[in-house]
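For reference, the chains in residue letters:
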Amino acid sequence: MRTTVGIIGAGPAGLLLARLLHNAGIDSVVLESRDRAYVEHRQRAGILEQGTVDVLREAGAGERMDHEGLCHDGIELRFDRTRHRVDFPGLTGGRSVMVYAQTEVCKDLIALQLEEGGPLLFEAEALAVEGADTDHPRVRFRHAGVEDVLECSYVVGCDGFWGIARQAIPAELTRVFERTYPFGWLGILADVPPSHDELVYARHDRGFALLSMRSPSVSRLYLQVPEGTDAESWGDEEIWDELERRFETDDDWTLERGPITQKSVTPMRSYVHEPMRHGRLFLAGDAAHIVPPTGAKGLNLAVGDVVTFARALIHERETGSADLLDAYSATCLRRIWQAERFSYDMTALLHRAPDATPFEDRLQVARLERIASSRAAEADLAEAYTGFPFG
């Protein structure tokens, strides 16, 4: 089997890249180790930056998003029982975000790929990337119990942190930057309408909490918990009681409760792999970088990576110049490190460290008060949250 771009992984990054290439008349093959049902139902991110929304629309994948997604013009910060709303459009010149789950993005892109695009092979396990530093890289894979080889001009690894693409970059050429956090997020899905029409980020002496949503009838909520917590060790009423404590305010706001349909614990880490390119192998998304979910950047960074690659490949085809492909890693990393900074800052701002001192607690509140009282500080948060430019 031969193609121009071999894409490993059918998450949002790999699927969007295939769509962008298809629209530009460039052929690709997508290899996904899981089955279609798994890809369409794995719960991940739910916040799309303005740039991601625009790219999906331009790619022809925005119709259902625009019909079912929830456009949000701000977030609410809570601390010391007070509430402060951050107005995104007013601070950024009109930008906002969209609540639309990664599962739905994948469903939309899969449907388009199967209807219009090149081969999308589910249950096709990539085994190795070979010849990355040659003009003809290959992906060895197993599909339907048979080993095969995909001959490519380029390989893009969108196969996540545990994928095989990154392993093809020699260790002596790489640098890894990472940080693990001593807490995680206990997340729940609940069949109850959201108790607020925008996301609520709460800083509390007992720990961070986040009120989010998946739809007008399904709430997504999170609690900061110690690292290594077992989700099943928390009872349903215990979770609701703790959420109420952390979201408490001095006004008459109330948290609506409902049946919890899913519980899970998300570990928190920051990770960057440099470089993101070796020869004709390019890394995108979680294969190259991970951010704590506080800044809602993970999926959006992956979109930025594949947009950068697609633009660079189209540029080479139209001009004969590989300059943008050569600059791929440096171009992506500038945006990635700004997102890493923002996600780290948001995490440090809102989470209580296990060994936090009263001095550090008071500094957190002072920083939140600064955001609430300074348009410049508030605008810095809004600009980062709604998204850094691609490229």
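Residues numbered from 1 in each chain as written. Predicted model: local features only at pLDDT ≥ 70, side-chain atom pairs only at ≥ 80, totals over all residues. Heavy atoms only, no water.

**Remarks on the side chain of Lys-263**
- Among the structural elements, Lys-263 can be located in strand 17 (residues 260-274).
- Only 2.6 Å separates the side chain of Lys-263 from the backbone oxygen of Trp-234, close enough to count as a polar contact.
- Leave out the neighbours within four places in its chain, and Lys-263 touches Gly-187, Ile-188, Ala-231, Glu-232, Trp-234, Gly-235, Asp-236 and Ile-239. (Helix = DSSP H or I, 4+ residues; strand = E, 2+ residues; numbered from the N terminus. Polar contact = N/O pair within 3.5 Å; in protein donor to acceptor, adjacent residues only side chain to side chain. Contact = heavy atoms within 4.5 Å.)

**What about the sheet that holds strand 10 (residues 138-143)?**
- Strand order in this open sheet of 3 strands is 9-10-11, and the pairing throughout is antiparallel. Of all strands in the sheet, those bounded by a partner on one side alone are strand 9 (124-130) and strand 11 (146-151). Taking each pair of neighbouring strands and ignoring which way they run, the sheet shows an average axis angle of 25°. (Pairing = 2+ DSSP bridges. Axes fitted to C-alpha atoms, helices over the stretch in contact; angles between N-to-C directions.)

**Here's the deal with the sheet that holds strand 7 (residues 97-99)**
- On the basis of which strands lie adjacent, the open sheet formed by 3 strands has the order 3-7-4 and antiparallel pairing. Strand pairing shows two members of the sheet lacking a second neighbour, strand 3 (47-48) and strand 4 (70-72), which therefore form its edges.
- The pairing of strand 4 with strand 7 spans 3 bridges and is antiparallel. Looking at strand 7, one finds that Cys-71 is bridged to Met-98.

**Considerations on unusual backbone geometry**
- Here Glu-274 and Pro-275 are connected by a cis peptide whose omega angle stands at 0°.
- You can see Pro-275 is positioned in the loop between strand 17 and strand 18 (277-278).
- Its identity as a non-glycine residue notwithstanding, Arg-81 has a phi of 65°, on the positive side.
- Summarising the element assignment, Arg-81 is placed in the loop between strand 5 (74-79) and strand 6 (82-87).
- A positive phi angle, close to 50°, is found at Glu-123, a residue other than glycine.
- Here Glu-123 is to be found in the loop between strand 8 (120-121) and strand 9.

**Some words on the packing of aromatic side chains**
- Evaluated as defined, the whole model comprises 16 aromatic pairs.
- A ring pair is formed by Phe-342 and Tyr-385, whose centres lie 6.4 Å apart and whose planes are at 90°; its orientation type is edge-to-face. Taken as a pair, Phe-342 in helix 10 (residues 328-350) and Tyr-385 in helix 12 (residues 375-386) lie far apart in primary sequence, 43 residues in all. Pair check on accessibility: Phe-342 and Tyr-385 agree, each one buried.
- Members of the aromatic cluster, joined through ring pairs, are Phe-88, Trp-185, Tyr-201, Phe-208, Tyr-222, Phe-342 and Tyr-385.
- Stacked on the ring of Tyr-38, the Lys or Arg Arg-34 has its end atom at 4.1 Å from the ring centre.
- Above the face of the Trp-253 ring, Arg-78 is positioned so that its terminal group lies 3.9 Å from the ring centre. (Phe/Tyr/Trp six-rings, centres within 6.5 Å; stacked < 30°, edge-to-face > 60°. Buried < 20%, exposed > 50% of the residue type's maximum accessible area, 1.4 Å probe, protein only. Lys NZ or Arg CZ within 6 Å of the ring centre and 35° of its normal.)

By themselves, these observations are geometric and do not establish any function.
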